[in-house]
Amino acid sequence: MCTALVVGNMIGSGVFLLPASLAPFGGVSMLGWLLTSCGAICLALVFARLSAILPREGGPYAYIHAGFGDFAGFWIAWGYWIALWAGNAALAVAATSYMQVFFPVLGHNEPLAGAVAIGLIWIVTWINSRGARSSGVVAVVTTLLKLLPLAAVTFIGFFHFQPENLAFNPHNKPLLSSLSATMALTLWAFLGLESASVPAGDVVEPEKTIPRATVIGTLLATVLYILSTVSLMGLMPADTLAASQAPFADAAKLMWGDWGYWLVGFGAVVSCFGALNGWSLMQAHVPAAAAKDGLFPSRFDQRNAAGVPIFGLVLSSALVTILMAMKYAGGDSGVKIFEFIILLATATTLLPYAFCSMALIAIMLMRGKEFAPKDYVAPGFFAGIGFVYSLWALYGSGADIVMWGMLLLLMGLPIYVWQLKERFAGD
């Protein structure tokens, strides 16, 4: 279930469009995938090591709190929580968009599309309210259902492979700029690799289960990403692939006809729904972990009979609903606001990666007697790579997004001060 949570949260809606985005770069995109994969795997090893040393609920928040103290823990939990529920709005919109394959009316009826998207939010809220096992079962089923059509198109596509379609640098663009562009595109496909570490309190033998699930899940997604890109680039001419709005569906239609198009359309809807389910689980557990430490209002750790932090789960879904209403009712301006918030949320999730890379070394130093000098070599290597990778990703987000991200984090300061007042009111 933990591995399915990692794979399901990483493989959301983006993988269905990435081959088209990468088509203009040809074989250069393979180098981009490999470099980005190395950074992601190093981060997966960081989280695996952290979860073995510190198997606590809250994932990145718990590790940063242990490594850098209350303020850093609160700061990351605040930004990470906002990024989680804002990102769920994007997944609900993407799922509704893919449902147009089966219900074309959703493409031109905004109120109906909005109602369906909001309905999806509350369906996964209900699933998650029934406990971690309920969410885990959905993660396993949806991950299998999404991987089957993706894997089928990928592997059978190799039997239709035409080498002349795959050029190393089809437009003869400067290699370094092309490489940078492909790394920026592939980067977002790895967000979510930390997912298994968040519900640690509900995991059996978390010190063993979470590291294995994190590394295996990241490697599975990496293999599928690279193979699918190569397969589709060999199956379709670069210009045709670049112009495709649904590359996997078009590839399936090319090989199998209309029924293949429908099959991949179904896989895309399931993919978005599965990712939405997994990220909804996280939006409840991150603020709950902070509340348990007295850094968020205590109501965030309020749990129902199934042990689910129900207040944080419902509040987060309510905030997603408001964001969705703004998107579907606000016209062009609403769409622009929505897209900006989603871009900001995506960039904000990268900050915990940088902090966690250094938190691993900080926690090991604090527990110095438990580790020999040689124990620092491997963690130091992949923590360093993970830190540089995270910095590069934040840089690639653009100056405006980084500035707004900082303002978003600073908006949490009054909340932190208020919580200090509550904690020390009796002293």
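Residues numbered from 1 in each chain as written. Predicted model: local features only at pLDDT ≥ 70, side-chain atom pairs only at ≥ 80, totals over all residues. Heavy atoms only, no water.

An unreviewed UniProt entry annotates the protein as Arginine/agmatine antiporter originating from Chromobacterium vaccinii. Under the heading Subcellular location (unreviewed entry), UniProt records this for the protein: "Cell membrane". (UniProt positions renumbered as here; feature names shortened; annotations may be inferred.)

K.L.:
What exactly am I supposed to notice about the overall build of the protein here?
P.N.:
Along the backbone of the protein there are 18 helices and zero strands. Expected size for 427 residues packed as a compact globule is a radius of gyration near 22 Å; at 21 Å, the protein falls within 12% of this value. Principal axes of the C-alpha set define a box for the protein whose edges measure 70 × 55 × 40 Å. Residues counted as buried form 54% of the 427 residues belonging to the protein. Contacts in the protein between residues far apart in sequence, at least 24 positions, make up 82% of those at least 6 positions apart. Here the protein displays about 17,600 Å² of accessible surface, and carbon together with sulfur accounts for 71% of that area. (Helix = DSSP H or I, 4+ residues; strand = E, 2+ residues; numbered from the N terminus. Rg over C-alpha atoms; globule rule 2.2 N^0.38 Å. Buried < 20%, exposed > 50% of the residue type's maximum accessible area, 1.4 Å probe, protein only. Contact = heavy atoms within 4.5 Å. Areas by Shrake-Rupley, 256 points an atom, 1.4 Å probe, with all protein chains shown as cover.)

K.L.:
Looking at this structure, how should I read the pattern of salt bridges?
P.N.:
Two side chains carrying opposite charge are able to pair once their charged atoms lie near each other. Taken as a whole and judged by the stated rule, the model has three salt bridges. Between Arg-303 and Asp-301 there is a salt bridge, with its nearest N and O atoms 2.9 Å apart. Overall, Arg-303 belongs to the partly exposed group, its relative accessible area being 31%. A salt bridge links Lys-374 to Asp-375, with the shortest nitrogen-to-oxygen separation between them at 3.7 Å. (Salt bridge = Lys/Arg side-chain N within 4 Å of Asp/Glu carboxyl O.)

K.L.:
Before we go on, may I ask you to explain the packing of aromatic side chains in this structure?
P.N.:
To describe a pair of aromatic rings, you give the distance between the ring centres and the angle between the ring planes. Under the counting rule described, the total for this entry stands at 21 aromatic pairs. Measuring from centroid to centroid gives 5.5 Å for Trp-81 and Phe-300, while their planes differ by 80°, and the two rings are edge-to-face. Pair noted here: Trp-81 is in helix α5 (residues 70-98) and Phe-300 is in the loop between α12 (258-292) and α13 (310-329), with a separation of 219 residues, a long-range link. Judged by centre distance (6.0 Å) and plane angle (15°), the rings of Phe-158 and Phe-161 are stacked. In this structure Phe-161 comes out as partly exposed when scored by relative accessible area, which is 26%. Put simply, the rings of Phe-71, Phe-74, Trp-75, Trp-78, Trp-81, Trp-85, Phe-296, Phe-300, Phe-311 and Tyr-416 pair up and form one aromatic cluster. Across the ring face of Tyr-261, the terminal group of Lys-253 is positioned such that the distance to the ring centre comes to 5.4 Å. (Phe/Tyr/Trp six-rings, centres within 6.5 Å; stacked < 30°, edge-to-face > 60°. Lys NZ or Arg CZ within 6 Å of the ring centre and 35° of its normal.)

K.L.:
What am I meant to see in the state of the cysteines here?
P.N.:
In a disulfide, the sulfur atoms of two cysteines are covalently bonded to one another. The full count for this structure, using the stated rule, is zero disulfides. Between Cys-38, a free cysteine, and Cys-42, which holds the nearest cysteine sulfur, the sulfur-to-sulfur gap is 6.9 Å. (Disulfide = S-S within 2.5 Å.)

K.L.:
Please clarify how the side chain of Asn-277 should be interpreted in this entry.
P.N.:
Considering the arrangement of structural elements, one finds Asn-277 in helix α12. The exposure class assigned to Asn-277 is buried, which follows from its relative accessible area of 0%. Each residue touching Asn-277, except ones within four places of it in the same chain, is listed here: Val-124, Ile-127, Asn-128, Ser-135, Val-138 and Ala-139.

K.L.:
Help me out: how do you make sense of a nonpolar patch on the surface in this one?
P.N.:
Taken together, the side chains of Met-1, Val-137, Val-140, Val-141, Leu-144, Leu-145 and Phe-266 make up a nonpolar region of the molecular surface, amounting to roughly 560 Å² of accessible area. When residues in the nonpolar patch are grouped by element, the largest group, five residues, is from helix α7 (residues 132-157). Of note, Leu-144 is situated in helix α7. (Patch = residues over 30% accessible without salt bridge, like charges linked within 9 Å, V, L, I, M, F, W, Y side chains within 5 Å.)

K.L.:
In this structure, what is going on with the side chain of Ser-129? I would like to understand it.
P.N.:
By secondary structure assignment, the location of Ser-129 is in helix α6 (residues 110-129). Ser-129 gets classed as buried once you look at its relative accessible area, which sits at 18%. A polar contact is formed between the side chain of Ser-129 and the backbone oxygen of Trp-126, at a distance of 2.6 Å. Beyond its immediate chain neighbours, meaning those up to four positions away, Ser-129 contacts Asn-304, Ala-306, Val-308, Ile-310 and Leu-313. (Polar contact = N/O pair within 3.5 Å; in protein donor to acceptor, adjacent residues only side chain to side chain.)

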